[in-house]
Amino acid sequence: MRTLVYGGAASGKSEYAEALACAGAAPLYYIATMMPFNDEDEQRIERHRLMRAEKGFHTLERYTNLKDLKIHEPGCILLECLGNLAANELFSEQGAGKNAKNAILDGVFALEEQCHDLVVVTNNVFGDGGNYEDGTLEYILTLAEVNNVLAQRFERVIEVVCGIPIVMKEPAK
Amino acid sequence: MVLVIGGLAAGKREYVKNTFGYSDADMADAVLDGRPVLYNLQDLTAKTDKSEEELLPLLLQKDVVICNETGNGIVPVDKAERIARELTGRLCIQLAAHAEKVVRVVCGIPQVLKES
């Protein structure tokens, strides 16, 4: 089963996605995409690390180019999150730049081949309107396109609001 | 406690007035006082010096807490805004967990996310 978990900042999506992944096939892999830049990032990463502690996740830190990531034994993969991955692919030195969208999608498709269950966490960054500078707009559009492709492709899509899961799409019973 | 969330000017206060019978006089704008309804929780978190743990019990005493959805945009450049946004989201998760009812108002239409 492939599940896309969608939500805003501090919506409870990570906690929800982890619980979902824990119910998937063992072994559990956690692909962390967040590049720490400062103390605030370190704290956020630490908070997520604590949440995963003792849940049995193998953590793989991967900031770009998921396509070449090799998973040794198929199980459940939790990829968190596309918002960071998109920023890394678009803006970091090792990133795919203009080819970010395809790099992200090819990466997710490669993971699909290497697991039984896949949970992908992605971000709602689309709700504050306004005018953006070009780089930010490119980021928003890239993430939107990736979200839309995966929501179409995956069997299940869940939006998390205030920690409450809202089923947007699920397999026919 | 009822938690009502939604975008800016989505019709959250109108919904609360019409559904639960409160008036403007019952509604406190981002201040904690004796009134039964608090709205603009996101403004309260932006100016408070209280922690999540300190705010939560005070908010749970309210009949209704109304909050704008603030997490659905690009990460703010300003650190204080980021911290307030994080606090708003964390509080809403806690409030939603304790609430007997959680409603998201979209274009004035209530969508019940939780009801016990």
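Calculation notes
- Residues numbered from 1 in each chain as written.
- Chains lettered and ligands numbered in written order.
- Predicted model: local features only at pLDDT ≥ 70, side-chain atom pairs only at ≥ 80, totals over all residues.
- Heavy atoms only, no water.
- Helix = DSSP H or I, 4+ residues; strand = E, 2+ residues; numbered from the N terminus.
- Rg over C-alpha atoms; globule rule 2.2 N^0.38 Å.
- Contact = heavy atoms within 4.5 Å.
- Areas by Shrake-Rupley, 256 points an atom, 1.4 Å probe, with all protein chains shown as cover.
- Lys, Arg positive; Asp, Glu negative; His and termini not counted.
- Charge placed at Lys NZ, Arg CZ, Asp CG, Glu CD.
- Buried < 20%, exposed > 50% of the residue type's maximum accessible area, 1.4 Å probe, protein only.
- Phe/Tyr/Trp six-rings, centres within 6.5 Å; stacked < 30°, edge-to-face > 60°.
- Lys NZ or Arg CZ within 6 Å of the ring centre and 35° of its normal.
- Pairing = 2+ DSSP bridges.
- Axes fitted to C-alpha atoms, helices over the stretch in contact; angles between N-to-C directions.
- 1 Å grid on protein atoms, 1.4 Å probe; cavity = no way out; pocket = protein on both sides within 12 Å on 5 of 7 lines; lining within 4 Å.
- Points joined across faces, edges and corners; volume = space filled by probe spheres on them.
- Salt bridge = Lys/Arg side-chain N within 4 Å of Asp/Glu carboxyl O.
- Buried area = accessible area lost by both parts, 1.4 Å probe.
- Expected span 1.5 Å × (residues − 1).
- Parallel < 35°, antiparallel > 145°, perpendicular 65-115°, else oblique.
- Left-handed = near helix turned anticlockwise from the far one by under 90°.
- Nonpolar A, V, L, I, M, F, W, Y, C, P; charged D, E, K, R; others polar.

K.L.:
For the overall build of chain B, give the residues involved together with the corresponding values.
P.N.:
Secondary structure assignment for chain B yields four helices and six strands. Taken against the 2.2 N^0.38 rule, which gives 13 Å for 116 residues, the C-alpha radius of gyration of chain B at 13 Å falls within 12% of a compact globule. Reported as C-alpha extents along the three principal axes, the dimensions of chain B are approximately 40 × 30 × 25 Å. Long-range contacts, defined here as pairs at least 24 residues apart, represent 59% of the contacts in chain B between residues at least 6 apart. As displayed, chain B offers around 5600 Å² of accessible surface, 52% of which is attributable to carbon and sulfur atoms. A gap of 3 Å separates the mean positions of the 14 positive and 17 negative side-chain charges of chain B.

K.L.:
A description of the overall build of chain A should follow, citing residues and the corresponding values.
P.N.:
The number of helices and strands found in chain A is five helices and seven strands. Across chain A, helices and strands are ordered from the amino to the carboxyl terminus as β-α-β-α-β-β-α-α-β-α-β-β. Its C-alpha atoms give chain A a radius of gyration of 15 Å, within 12% of the compact-globule value 16 Å for 173 residues. Seen along its three principal axes, the alpha-carbon backbone of chain A occupies a region of about 40 × 35 × 30 Å. By the burial criterion, 50% of the 173 residues in chain A qualify as buried.

K.L.:
Run through the packing of aromatic side chains, naming residues and quoting values.
P.N.:
The final tally for this structure, using the stated rule, is three aromatic pairs over all chains. A centroid spacing of 5.9 Å and a plane angle of 85 degrees characterise the contact between Tyr15(B) and Phe20(B), whose relative ring orientation is edge-to-face. Between the NZ or CZ atom of Arg52(A) and the centre of the ring of Tyr30(A), over which it lies, the distance is 3.6 Å. For the cation-ring pair, Arg153(A) lies above Phe109(A), with the distance from its terminal atom to the ring centre recorded as 3.9 Å.

K.L.:
Could you give me a rundown of the sheet that holds strand S6 (residues 109-115) of chain B, with the residues and numbers involved?
P.N.:
Residue and element names in this part refer to chain B. Across the sheet, which stays open at both edges, the six strands sit in the order S2-S3-S4-S1-S5-S6 with mixed pairing between neighbours. At either margin of the open sheet sits one strand with a lone partner, and together these are strand S2 (27-29) and S6. Strand after strand, the sheet turns through a mean of 20 degrees between neighbouring axes, direction not considered. Pairing geometry for strand S5 (residues 101-106) and S6, over six bridges, is antiparallel.

K.L.:
I'd like to hear about empty space enclosed by the protein, residue by residue, with values.
P.N.:
Evaluation of the coordinates by the stated rule reveals one cavity of 30 Å³ or more. In this model, the largest cavity occupies a volume close to 190 Å³. Along the walls of the largest cavity sit 21 residues, with Ala9(A), Cys162(A), Glu69(B), Thr70(B) and Gly71(B) positioned nearest its centre. Residue assignment for the lining of the largest cavity shows that the elements contributing at least two residues are strand S6 (156-161) of chain A together with strand S4 (64-68) and helix H4 (79-98) of chain B.

K.L.:
Outline the pattern of salt bridges, supporting the account with residue identities and numerical values.
P.N.:
Taken as a whole, this structure holds 16 salt bridges over all chains when the rule is applied. Asp24(B) is the partner of Lys17(B) in a salt bridge, and the nearest nitrogen-oxygen pair spans 2.8 Å. Linked through salt bridges whose partners overlap, the residues forming this network are Glu15(A), Arg44(A), Arg47(A), Glu86(B) and Arg90(B).

K.L.:
Could you give an account of the sheet that holds strand S1 (residues 2-7) of chain A, naming the residues involved and the relevant values?
P.N.:
Residue and element names in this part refer to chain A. If you walk across this open sheet you meet the seven strands as S3-S2-S4-S5-S1-S6-S7, and the pairing is mixed. The open sheet has two edge strands, strand S3 (57-61) and strand S7 (164-169), and neither has a second partner. Each strand axis lies, on average, 20 degrees off the axis of its neighbour in the sheet, ignoring direction.

K.L.:
How would you explain the interface of chain B and chain A if you had to name every residue and give the values?
P.N.:
In this assembly, 20 residues from chain B lie in contact with 24 residues from chain A. Between chain B and chain A the total buried area reaches about 1700 Å² when both faces are included, carbon and sulfur atoms providing 57% of it. If you look at where chain B meets chain A, you find four salt bridges. No other element matches H4(B), which puts nine residues into the side of chain B that touches chain A.

K.L.:
Describe helix H5 (residues 134-153) of chain A, naming the residues involved and giving the relevant values.
P.N.:
Residues and elements named next belong to chain A. In this model H5 runs 29 Å from its N-terminal to its C-terminal C-alpha over 20 residues, within 8% of the 28 Å that 1.5 Å per residue would give. Within H5 the residues assigned to the buried category are Tyr139, Ile140, Thr142, Leu143, Ala144, Val146, Asn147 and Leu150. Buried residues along H5 sit against S1, helix H3 (82-91), helix H4 (100-112) and strand S5 (117-123).

K.L.:
Could you give an account of the packing of helix H1 (residues 13-22) of chain A against helix H2 (residues 39-52) of chain A, naming the residues involved and the relevant values?
P.N.:
All names here are of chain A. In the contact formed by H1 and H2, the axes pass within 11 Å of each other and the chain directions differ by 30 degrees. With respect to H2, the element H1 is oriented roughly parallel. In terms of crossing hand, the pair formed by H1 and H2 is right-handed. Here H1 contributes Ser14, Glu15 and Glu18 to the contact with H2, which in turn contributes Arg47, His48, Met51 and Arg52. Counted by class, the contact of H1 with H2 contains one nonpolar, two polar and four charged residues.

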